[in-house]
Every structure is written in structure tokens, then in C-alpha cells.
Amino acid sequence: MYQALYNLTSNTIISTLIVALVPLTLILLYALFAIWLERKVSAHMQDRLGPMRTGWHGWLQTIADMIKMIQKEDTIAADADKKLFNIAPVLVFAGSFAAFAAIPFSSAIIGSEIEVGLFYIIAISSLVVAGILMAGWSSNNKYSLLGAMRSAAQIVSYEIPTALVVLTMVMYTGTLSLDKISQQQTAYFWNWNLFGGPEFGLAKFILIPFMLVAFIIMFISTLAEVNRTPFDIPEAESELVAGYFTEYSGMKWGMFMLSEYANMFAVSSIVSILFLGGYQSPFGYLGNTLGIEWLVPIEQLFWFVSKTLFFVFVQMWLRWTLPRLRVDQLMTVCWKYLIPYAVANLIIVGIVTLL
Amino acid sequence: MNYFDIIFYLFAIITVVSAFIVVTTRNIVYSAYSLLLTLFGISGIYVLLGADFLAVVQIMVYVGGILILLLFGVMLTNKITSVDIRTGTIHLLPAAVGSGILLGILWAVMTWTDWKTYDTQIPSTTIFGLGKILITNYVLIFELLALLLLIALIGAASIARREETEENN
């Protein structure tokens, strides 16, 4: 995308800024939609209606809430560490925003086509952990600190199964570039990595169950990494008020919320890129059939957003279905079940790929 | 001066200033977060040098691993943040001499080394070359490092386990 914009504007600064603005706009639009969706999903699961009054079925509710949030007083607790307290939301949001630089929304919309994209996303999301710890500590409040500790412990532990599954997929696809992984899983859904990848043969059928295991491990551990239920003990509202962002109000609280939803989108998109073909359509492209070339990237954007939003929806669905895990159960799931299975899976997929 | 120069100086300033804060601040948490900025700045400079993999590893290992554990330790330890971590005696002269000698050595090495320069384009990625070299030329060192890490891991596990049994007794 950068190269195309550079050819269009022939200015490095302008094209870089536009490249950076595209994911930001997408995140903001998506967050507006996702917060409304979360309310509606939760409401319908509990046999309620949810927001109904602002706009058709309450779709303007998030915008109204945002206007309210901007007007709110920005309170800082007297004993809080002011500098760190103010930096923390920015750091958290920067970490989740930076991940979007390497995500291919379609074959034409990619911030940066770096070869180490997948690895970069795993690495840069550690900024979020640092930001969460900063928020928890600087609030000078036992609930915030406890929430931050739990969150950091959880994210650091669940990074291991995620990294192991990512390693499996990297071994199988032979590249770290998210764009190339998407490209390999060409147009039809039986070519997706979940169904054994694009090469047709005996190995494809042997791989299907192991890919399914990898997919489930990846989904569970990414769920834990974004602190969603059943892994939401960092912000368990019945124990810790709101966890690490208890003391925040107004726009700073909004940044934590935005970052949470952005993270949900980021991990869902990684799952869909690794296993469900990323931006590839499951049934071939209308643009190719009709001979309209510019339609293909738009279709790809549509498929990418649909797949990713589906996973976001599943995350919301789980939140209103499953009870919260205890801390010891959380660690047991990670260290005693997910990591051994992920290692075994890594070895098996490695052997099958090699043969 | 083109854009890359400006970006380089930006990262260099971030690195140096935050490194200065790391050693001078009295608050250990400020120190830790300044260290984050230092490591981040260094990784930015790696990116400018075309070492993409190294830059990501820098963030992954130092920011994602070591620094988070450091912060975790600091925050779990009760009241450590209010303790004055600077020692009372400051040996100014030995410190100045020591760092002066180190600076001199580094300077000398940098100016006298016959650096090889190539006029080729910076490759778009380094991972393929790096991966090949790691399992061909440097495979022995690579495996030895893996063994060392395994030993460290088993050692850590055994230390943690021993404490647990003592508590039970």
C-alpha cells in the first residue's frame, strides 16, 4: 500500500501518514460497531433488548456514549503517580495499535509488508503488558495493582502456547509474513490451513486433526491474552471493581476500552489469517469471474472483516456463556494442558511436513 | 539530511536520554520504564540498519520477557518502591576513570578497525540468511546455547520445587 501511495503522492511523509491513518480509522469505526454489538449480543443472550432508543435498534448509542465520555471530568487520584498514570493509557493503546501495522486487511491494504510480520505482532503486544502494569502500579490502589499483576501473569503465561502454535504454523507455511501466509491459502475454503493447507495429497488428510488442535489451542490462548471471559480475572468486576483501570475516567478510560476492542480484533485477525485463509474468499472471486480487477481487493476486505468479526462475535458469545476461571485453574489450563498439547502438536506437524 | 537521518537522531535521543534517566532517577519503577524506552530506541536503530529480525527479537526478549519480569518482581516486592536505591558513597574518581578508559577503548576500536563496506542495497529481510547460517556454520554454538538454556530451565524448576516441599514439611 505504501508503494502505491508513494507513486501517487511522491512524498514519503504524506504516504506514511496515510498508511498509518488507515488502520486507526478502521479501529475507531470497528470499535463503535463492536461496543454496540457487545451490548446487543449480551442483551439478547439474557433475553433483553439492550439499547433501543438512540437510532435504529440503538446503533447510535456508542456515539452518544463517546460524546458523554469526552465531556467527563478527567479525575486523577491524589496519591496516584501522575506521570505514569497519564502515560499508561497511551502505552496500552500504542501497543495494540502498533500490531495493526503488519495485518493484511486485503492484498491491497497492508500497512507494512515486513517479512517478520507475525513475530513482530507477538513482540509488540508486550508493550500492552508494560502499559497495564504501569496503569495498575501508578493508580496506587490495591485493586488496580492486583488486576495488573493478574493480567501480566496471564498474558506472559499464555504467550507460550500462542507462540508454540505460531511456530507450528510457521514451520508448516515456511514464512513469517502474514501476507504470504494469506496468499498461500488460495481462493477455495478447502485450501485453508485449518483443512490441511493448499497442497492436495495424503499429508493434507493426516494434518486436518492436528490443525484443528492447533486452532483450538490458538483460540483459547488468544482469548486469554486479551483478557476476555472465561479468562477475565484481571478485571473481574465482582472482585476487583474494574481491575487495572479502576481509577481511570473520561477519555483515558476510553483509551483502555478502545485498546481492548482493538486487541480483540487483532488476535481474531491473526487466528483467521493463520487458519482460515485471511483475506481469501471461500468460494472464489466475483471480480475474477466478471473480469473486474479492482473488485478483488474490496471482496478480500469484505471476507477478512467478516471472518475476523465472526471471531469477535464468538468472543462476545463466550463472555456471556461461560463462568470465570479461578487463578489456579487458569494456570493449570495453560501449563498442564495447552503447552504440552501444543508441543506435541508442533512435533507431529513438523514430522508430517518434513515427510 | 533526509528523513532517515531525522528518525535516527530521534531514536538516538530517546535511547540516550532514557538511559540517563535509568541511572539517575531515585524511583526504581521510573528506572524500569526508562529502560523500556532505551531498549525500544535501540530496536528502532536496528530497524534503520536493516536488521529487522534483530529489532523484533530485541523487543520480544528484552521488553516482552526480561523487563516485564523485572517490573513484576518490583511490584510484588512490598514497599521496594519507596526505598532509596542509590548507595550513599559515590566513588566519582574511579567511576570517571573506568568509564573514560572504556570510552577510549571503544573509540580506538571503532576508528582503527578496517570496516568492510559494501555498496549493495540493504536486503528486505535478514531471516532467510540468518536461519541458514544458524543451522550450518554456527550449528554447534546454536545447539550448545540450547543445551545451556535447557539446563537453566531445569535448574529453575528444581529450585522452585525444593521450596515447595520445605513448605509442606
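This text goes with the structure placed above it.
Residues numbered from 1 in each chain as written. Chains lettered and ligands numbered in written order. Predicted model: local features only at pLDDT ≥ 70, side-chain atom pairs only at ≥ 80, totals over all residues. Heavy atoms only, no water.

Enquirer: So what exactly am I meant to see when it comes to the packing of helix α7 (residues 142-173) of chain A against helix α9 (residues 202-225) of chain A here?
Expert: Helix-helix packing is described using two parameters, namely the angle between the two axes and the distance between the axes. Residues and elements named next belong to chain A. The contact between α7 and α9 brings their axes to 9 Å, and the two run at 150°. Considering their axes alone, α7 and α9 lie roughly antiparallel with respect to each other. For α7 against α9, the interelement crossing comes out left-handed. Contacts from Gln154, Ile155, Tyr158, Glu159, Pro161, Thr162, Val165, Val166, Met169 and Tyr172 in α7 reach Leu207, Met211, Ala214, Ile217, Met218, Ser221, Thr222, Ala224 and Glu225 in α9. Among the residues making up the contact of α7 with α9, the classes are represented as 13 nonpolar, four polar and two charged. (Axes fitted to C-alpha atoms, helices over the stretch in contact; angles between N-to-C directions. Helix = DSSP H or I, 4+ residues; strand = E, 2+ residues; numbered from the N terminus. Parallel < 35°, antiparallel > 145°, perpendicular 65-115°, else oblique. Left-handed = near helix turned anticlockwise from the far one by under 90°. Contact = heavy atoms within 4.5 Å. Nonpolar A, V, L, I, M, F, W, Y, C, P; charged D, E, K, R; others polar.)

Enquirer: Explain the pattern of salt bridges here, please?
Expert: Where charged atoms of side chains with opposite charge meet at close range, the side chains can pair. Residue and element names in this part refer to chain A. For the structure on display, the rule yields two salt bridges over all chains. Among the ionic pairs, glutamate 38 bridges to arginine 319, the shortest N-O distance being 3.4 Å. Of the two residues, glutamate 38 sits in helix α2 (residues 12-45) while arginine 319 sits in helix α13 (residues 295-319), which places them 281 residues apart along the sequence. Across the pair arginine 39 and aspartate 65 runs a salt bridge whose closest N-O atoms are separated by 2.9 Å. Separated by 26 residues along the polypeptide, arginine 39 in helix α2 and aspartate 65 in helix α3 (residues 61-71) bring together distant segments of the chain. (Salt bridge = Lys/Arg side-chain N within 4 Å of Asp/Glu carboxyl O.)

Enquirer: Got a minute to help me understand the side chain of B:Thr38 in this structure?
Expert: Residue and element names in this part refer to chain B. As for its position among the elements, threonine 38 is in helix α2 (residues 28-48). Polar side-chain contacts of threonine 38 include one of 3.5 Å to the backbone nitrogen of alanine 19. Excluding anything up to four places from it in sequence, threonine 38 contacts Thr15, Ser18, Ala19 and Val22. (Polar contact = N/O pair within 3.5 Å; in protein donor to acceptor, adjacent residues only side chain to side chain.)

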